[in-house]
Amino acid sequence: MSWQPPYHSSKFRHVFAKPASRENHYTGLPITRSVHDNAFCAVNPRFIAVVTECAGGGAFLVISIYHRGRVDPQHSRVCGHHGRVLDVRWDPFSDLRIASCSEDCTVKVWNIPPQGLRENIVRPVKDLRGHTRRVGLIEWHPIAKDILLSSAYDYKVLIWRLDGAGCVCRRPVRVIGVHSDLVLCLSFNTDGSRMATTCRDRTIRIIHTLSGQVLQRSSVCSHRPCKVVFASELQLLVTTGASYWNQRQIAVWDSEDLTAPLWEEDLDGESGVLFPFFDPDTHMIFLAGKGDGNTRFFDLSSVKPYLHYLAEYRSPLPQRSLAVMPKRGLDVSICEVFRFYRVVGVKDLLEPLSLIVPRRAEGFQDDLYPPTAANEPALTADQWVEGHTRGPLLMSLRPGTEIQNPYPAPEPVSRPDFSRESLSPLTQLQPMETHYSEQPANHSAAYIFDISDLSEWQEDDTHTLKTQPMETHSLDWGVTHTASSSHTHTHSGAEMLNMAEPLAPAVPGHTHNTDVHTALPGVHSSHTNTHTLSHTVVLPATDMHLLLETQHNAQGNSQSILHSPTHSTLVWCESPVYTPPSIDDELLCVFYRQCEELRSLRAELQKKDMRINQLEQDITHLRNTHTHSNFTPPHAAHTHLRHPHTLMALSKDFICLKSLLQFDLIKPFNEDHWLHSI
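An account of the accompanying structure is given in this report. (Residues numbered from 1 in each chain as written. Predicted model: local features only at pLDDT ≥ 70, side-chain atom pairs only at ≥ 80, totals over all residues. Heavy atoms only, no water.)

### Considering the overall build of the chain
Step number 1: Along the backbone of the chain there are six helices and 38 strands.
Step number 2: Per-residue burial for the chain yields a buried fraction of 46% across its 678 residues.
Step number 3: Put simply, 57% of the contacts in the chain that link residues at least 6 apart link residues at least 24 apart. (Helix = DSSP H or I, 4+ residues; strand = E, 2+ residues; numbered from the N terminus. Buried < 20%, exposed > 50% of the residue type's maximum accessible area, 1.4 Å probe, protein only. Contact = heavy atoms within 4.5 Å.)

Dropping the structure here:
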């Protein structure tokens, strides 16, 4: 056995925490009072997002990183959720895009203007609706662009793709339903191919991200994990939780074998959740407890005892949670290696906390700042869905350097062959000119075709198309048919949903000489005297090969569609085991019903208030009338007490007074004193 020194040599052993001065605090923030164990704050080099407390829905505040001091209470917010916001996360590849989850069972993605918020934002760029219960956890994929994960109280983890067209998305890429209870935390490895999760059933799982298959699973009852971080370079997992005796505990696991922890240690007996933060560049672990004022710093290594204590920061103000600034937002001139933003709920402020390694030498310190993950994706959403795996793009924090991309540019999307030789005689199309233009950022790369010249279009017999449900922009198109009579029938389009898979070229509307009126599913029929062709009909690529097969069933299908009194319903075929519910109409009906009930209750309450005021006035009037007519005060009749008529009058007044007291018409008085005076 080799000799080991009693101390651990580390270049970060002299690290210390330096809190920002009071002028550099962010004060006046109405921080949410939610009890969830989330950060409620997210930071990037440009903006700070803080979940705020509000009534009638959920909102969060977005301010500039340089907006120090007191924040205006009327500052603009992002307030599009109908329930309380539970978590926010900035896109690692865009400083202007942020995702939020809420108790209204939705995940929304927002675009923040470059100059910040000047007015409230209520319309998201993406509205992800797939969960059946409130969503409490969201995470961006560390490598692939436009990939977002969400976890809710329905025990499911959904993987979303954000590069599709349309605002509302109900179709996740993958549904991971391997958890038997609430997912508490989620952490990716370096390339995003695996993720570690902690669950309320006291189990740690390592899951393949794309397939959803469980690779490793723990079965230890002595440690109840709550939070987890994935140190993939060291092939370790670090979890925080509670021991069998309810002591706050930290444990280190082998990522290839979760049968038992490699090392565990009890920290203290506090009850707050312990948040772990891992720096993959320096291999430092930071532990901060909810409700604590201290933050511990450790150095993580791959050999026993794995964790080496470095330093500790103590503050008299308890922290609600902490947010971490990305490495590209640090100040390398003062050797800042990490920066926290402490959310202090009791003071409604945000306090920056910098971790600095003291150095005498000036200039850039290469040993403190190794190449770190850049803000450029290594994979596109298409490549990730196809199963590609790559490491992150690295960048140097030295001022003036650029990101070096070791990966070649993705190959252009191949265009399907729709020549005359590749299609049957009934499905041949005329050659058309293809125009390539710049696509918006939120459109799929598969939409590369455009039809602008329809002068050479010829009639054929492929007018009956058997379309599948698909998801796209809301379209309005016209398909004109000429019957044996002199009328022209135009079928106006309905709203269709976007499809996640690539689409074939658009097939324009065209004219046919037939007595049967045909239409696409979900299309109304109306009579007009003009030839209408407003847009093109977008069809899946697989439907081009079904034209010949559906020709024989065109007559019966078209008649049934045309005489249908309502739109044909688009049915989603997402998964045999999971179909997100469509509860928008039910929620809207409940909302209107509750509004009517509130109005009626307000009217009844107003009537009752008026009746109460009237009764109070009647009681006051009756009390005054009986007091002045049938009752003489004792001090006024004291001189006439010896006269018989006076005694008789006083007895009558006493009887009247007793009756008034019995019915509570006047206030009680000292009866014994009055009788004694008589």
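### Thoughts on the pairing of strand S30 (residues 336-344)
Step number 1: Taken across its nine residues, S30 has nine buried, putting it largely inside the fold.
Step number 2: As judged from the eight bridges shared by S30 and strand S31 (residues 349-356), these two strands associate in the antiparallel manner. Bridge pairing in S31 links Val343 to Leu350.
Step number 3: Taking the residues that link successive antiparallel strands as the turn, the S30-S31 hairpin has four residues, and the phi of Asp348 there is positive, at about 55°. (Pairing = 2+ DSSP bridges.)

### Re the sheet that holds strand S23 (residues 248-254)
Step number 1: The antiparallel open sheet is built from four strands, whose spatial order is S21-S22-S23-S24. Two strands bound the open sheet, and with one partner strand each, they are strand S21 (224-231) and strand S24 (263-268). If you compare each strand with its neighbour and ignore which way they point, the axes differ by 20° on average.
Step number 2: Across five bridges, the pairing between S23 and S24 is antiparallel. By the bridge assignment, Ile250 is partnered in S24 with Glu265. (Axes fitted to C-alpha atoms, helices over the stretch in contact; angles between N-to-C directions.)

### Here we look at the nonpolar core
Step number 1: Counting 25 residues, the largest nonpolar core has Val15, Phe286, Phe297, Val337, Phe340, Leu355 and Tyr369 as its most contacted members.
Step number 2: Looking at this core, the elements with two or more residues in it are strand S25 (274-279), strand S26 (284-289), strand S28 (307-314), S30 and S31.
Step number 3: Phe286 has contacts with Phe275, Pro276, Phe277, Asp279, Arg296, Phe297, Phe338, Phe340 and Leu355, leaving out every residue within four places of it along the chain.
Step number 4: Formed by 21 residues, the second largest nonpolar core is a distinct cluster that contains Phe188, Trp384, Leu393 and Met395. (Core = buried A, V, L, I, M, F, W, Y, C linked by side-chain atoms within 4.5 Å.)

### Focus: the packing of aromatic side chains
Step number 1: Taken as a whole and judged by the stated rule, the model has eleven aromatic pairs.
Step number 2: Look at Phe47 and Trp90: their rings are 6.0 Å apart centre to centre, the planes differ by 20°, and that puts the pair in the stacked class. With a gap of 43 residues between them, Phe47 in strand S4 (residues 47-52) and Trp90 in strand S8 (residues 85-90) connect regions that are remote in the sequence.
Step number 3: Residue Phe47 is classed as buried on the basis of its relative accessible area of 3%.
Step number 4: Its relative accessible area of 9% is what places Trp90 among the buried residues.
Step number 5: Between the aromatic rings of Phe338 and Phe340, the centroid separation amounts to 5.1 Å while the plane-to-plane angle is 65°, which identifies the pairing as edge-to-face. Phe340 shares its class with Phe338; the two are buried.
Step number 6: Members of the aromatic cluster, joined through ring pairs, are Phe277, Phe286, Phe297, Phe338 and Phe340.
Step number 7: The ring of Tyr153 has Arg134 sitting right over it, with the charged end atom 4.3 Å from the ring centre. (Phe/Tyr/Trp six-rings, centres within 6.5 Å; stacked < 30°, edge-to-face > 60°. Lys NZ or Arg CZ within 6 Å of the ring centre and 35° of its normal.)

### Considering the pattern of salt bridges
Step number 1: Applying the stated criterion to the full structure yields 27 salt bridges.
Step number 2: The salt bridge involving Arg296 is made with Asp268; its shortest N-O contact spans 2.9 Å. Of this pair, Arg296 sits in strand S27 (residues 294-300) while Asp268 sits in strand S24, and the two are 28 residues apart along the sequence.
Step number 3: Residue Asp279 is joined to Lys327 by a salt bridge in which the shortest nitrogen-to-oxygen separation is 3.1 Å. With a gap of 48 residues between them, Asp279 in strand S25 and Lys327 in the loop between strand S29 (321-324) and S30 connect regions that are remote in the sequence.
Step number 4: With a relative accessible area of 3%, Asp279 lands in the buried category. (Salt bridge = Lys/Arg side-chain N within 4 Å of Asp/Glu carboxyl O.)

### Describing the environment of Ile147
Step number 1: The residue Ile147 is located in strand S13 (residues 147-152) in this model.
Step number 2: We classify Ile147 as buried; its relative accessible area is 0%.
Step number 3: Residues Ile147 and Val385, 238 residues apart in the sequence, show an inter-C-alpha distance of 9.6 Å.
Step number 4: Not counting chain neighbours up to four residues away, the residues in contact with Ile147 comprise Trp140, His141, Ile159, Trp160, Arg161, Ala381 and Trp384.

### Brief notes about the pairing of S26
Step number 1: The buried fraction of S26 is high, at six of six residues.
Step number 2: Neither face of S26 is left uncovered, since the one carrying Met284, Phe286 and Ala288 and the one carrying Ile285, Leu287 and Gly289 both have all their residues buried.
Step number 3: Relative to S26, S25 runs antiparallel, the two being bridged by six bridges. Looking at the pairing, Pro276 lines up with Leu287 of S26.
Step number 4: Here S25 folds back onto S26, and the loop between the two strands holds four residues, one of which, His283, carries a positive phi near 60°.
Step number 5: The pairing of S26 with S27 spans five bridges and is antiparallel. The residue of S27 that forms the bridge with Phe286 is Phe297.
Step number 6: Between the end of S26 and the start of S27, which pair antiparallel, lie four residues, with Gly291 showing a positive phi angle near 90°.

### Comments concerning the sheet that holds strand S14 (residues 157-161)
Step number 1: Spatial ordering of the open sheet is given by S12-S13-S14-S16, a layout of four strands whose pairing is antiparallel. Among the strands making up the open sheet, the edge pair consists of strand S12 (135-140) and strand S16 (174-176). With strand direction ignored, the average angle separating the axes of adjacent strands in the sheet is 20°.
Step number 2: As paired elements, S13 and S14 share five bridges and run antiparallel to each other. Note that in S14 the partner of Leu149 across the bridge is Ile159.

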